[in-house]
Every structure is written in C-alpha cells, then in structure tokens.
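Coordinate inspection notes
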Amino acid sequence: MFKRILVAVDGSMTSFEALSKAIELQELTDAEIYLLCVYKHHSLFEASLSIGRPAEMDIPDKVLSEYAKDVVNHAKQLAAERGGKNVRGFVKAGKPSKVIVDFAKDKGVDLIVIGTKGTHSDKDGLFLGSVSHRVASHAKCPVLVV
C-alpha cells in the first residue's frame with residue numbers, strides 16, 4: 001500500500017497529530033516515514049527592515065534553520081516514543097507548500113500527512129490552513145489532512 005509517508009512538521013500540535021496518524025499507518029504498511037520541516041527563506045535585506053536590532057544579529061536563515069532542525073529532532077523523538085520505526089528527518093528552505101509537494105515528488109512519496117492548521121493559521125479554526133490546502137490541491141499523491 002504505502003512505502004513512503006511524508007509528514008510535514010512545523011512544531012504545531014496538529015503537525016504532531018499528523019505524525020501520530022502516520023505512525024498508525026506505518027504499523028499497517030511498514031512504510032518509511034519522512035519528516036519534513038520547511039522554513040521560509042529571509043534575506044538580509046528583509047532582516048534589515050526590522051525596527052529593533054539586537055547587539056549581535058544572526059542571519060535569519062541560520063536561526064530559522066536551527067529551529068527547523070529542533071522541530072524535526074523533537075518529532076523524531078516523539079515518533080520513537082510512539083513506536084515509529086524507520087523515520088528520517090529533513091529540513092528545507094522555501095515556500096512550505098511548494099517545497100512539500102516537490103519533496104514528495106522527488107522522493108517518490110506515496111502519501112503526505114499534514115495537519116489542518118500550522119503555527120500561523122486561522123485562530124478560529126473555521127478554515128483549512130493555507131499550506132495544507134495548497135498541498136492537497138497540488139500534490140500528485142494522496143494527502144491525508146489531520
């Protein structure tokens with residue numbers, strides 16, 4: 001059925017719920033799980049537009065990349081605690097929905113599992129998050145929105 005399941009993680013509770021669902025599916029199919037955290041690229045020009053500046057200014061991409069690595073490592077730990085096996089983590093920069101769809105295509109993913117809303121979504125919960133909506137609309141494989 002499924003050989004490769006991609007779980008998009010961003011640190012939100014819904015992304016970790018998606019991970020739990022992927023682990024349930026893994027138990028049925030023995031699929032490999034790919035965890036992917038995508039951070040939005042910020043240029044030094046965008047960083048220079050900030051009103052407040054710390055004494056030491058890290059390059060935004062470096063900070064965001066480190067945060068994304070932390071998210072993936074935390075998700076890998078959660079997966080292990082919940083019985084997940086054969087779990088690999090990846091961090092990429094770019095527009096989240098496009099990177100997720102392209103990654104799935106490049107890796108031959110059979111299923112994408114994604115949370116309904118991420119860390120910056122509609123607060124009332126009335127709408128599907130924009131990333132999950134775009135992924136579901138553009139992916140060439142099935143998408144399970146949790």
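Anyway, here's the lowdown on the structure attached to this text. Because the structure is a prediction, the values reported are computed rather than measured.

Rules of the game
Residues numbered from 1 in each chain as written. Predicted model: local features only at pLDDT ≥ 70, side-chain atom pairs only at ≥ 80, totals over all residues. Heavy atoms only, no water. Helix = DSSP H or I, 4+ residues; strand = E, 2+ residues; numbered from the N terminus. Buried < 20%, exposed > 50% of the residue type's maximum accessible area, 1.4 Å probe, protein only. Contact = heavy atoms within 4.5 Å. Pairing = 2+ DSSP bridges. Axes fitted to C-alpha atoms, helices over the stretch in contact; angles between N-to-C directions. Phe/Tyr/Trp six-rings, centres within 6.5 Å; stacked < 30°, edge-to-face > 60°. Salt bridge = Lys/Arg side-chain N within 4 Å of Asp/Glu carboxyl O.

The next subject is the environment of S12. Among the secondary structure elements, S12 is positioned in the loop between strand 1 (4–8) and helix 1 (13–29). Under the relative-accessibility criterion, S12 is labelled buried at 8%. Once the C-alpha coordinates of S12 and K117 are considered, the two residues, 105 residues apart in sequence, prove to be 8.0 Å apart.

This paragraph deals with the environment of V109. For V109, the position within the fold is in the loop between helix 4 (96–107) and strand 4 (111–114). Residues V109 and K140, spaced 31 residues apart in sequence, show a C-alpha to C-alpha distance of 9.4 Å. Setting aside residues up to four positions removed in sequence, V109 forms contacts with R4, I5, L6, Y34, A104 and C141.

Our next topic: the sheet that holds strand 3 (residues 87–93). Remark on secondary structure: sheet strands pair via backbone hydrogen bonds, oriented parallel or antiparallel. Pairing in this open sheet of five strands is parallel, and the strands run 3-2-1-4-5 from one edge to the other. Edge positions in the sheet fall to strand 3 and strand 5 (143–145), since each of these pairs with one other strand and no more. Averaged over all neighbouring strand pairs, the angle between strand axes comes to 25°, with direction disregarded. Sitting on the sheet, helix 3 (residues 60–81) touches strand 2 (32–39) and strand 3, and the angle it makes with strand 2 is about 155°. Lying over the sheet, helix 5 (residues 130–138) contacts strand 4 and strand 5, oriented at roughly 165° with respect to strand 4.

Turning to the packing of aromatic side chains, a few remarks are in order. Tallied over the entire structure, the rule returns three aromatic pairs. Ring centres 5.6 Å apart and planes at 80° place the aromatic pair Y34 and F90 in the edge-to-face group. In this pair, Y34 is assigned in strand 2 and F90 in strand 3, connecting sequence segments 56 residues apart. Each member of the pair, Y34 together with F90, is buried. Linked through ring pairs, Y34, F90 and F103 together constitute an aromatic cluster.

For the rest of this paragraph, the subject is unusual backbone geometry. If you check the backbone angles, D30 has positive phi at about 60° while not being a glycine. Within the secondary structure, D30 sits in the loop between helix 1 and strand 2. Here D30 falls in the exposed class, since its relative accessible area comes to 65%. The backbone of N86 shows a phi angle near 55°, a positive value even though the residue is not glycine. Here N86 is to be found in the loop between helix 3 and strand 3. Residue N86 is classed as partly exposed on the basis of its relative accessible area, which comes to 48%.

A side chain of one charge can pair with a side chain of the opposite charge if their charged atoms are brought near each other. One pass over the structure, following the stated rule, counts four salt bridges. One salt bridge connects D102 with K98, and the closest N-O pair in it is separated by 2.7 Å. With a gap of four residues between them, D102 and K98 both fall in helix 4, about one helical turn apart.

The quantities given are spatial measurements derived from coordinates; they are silent on function.
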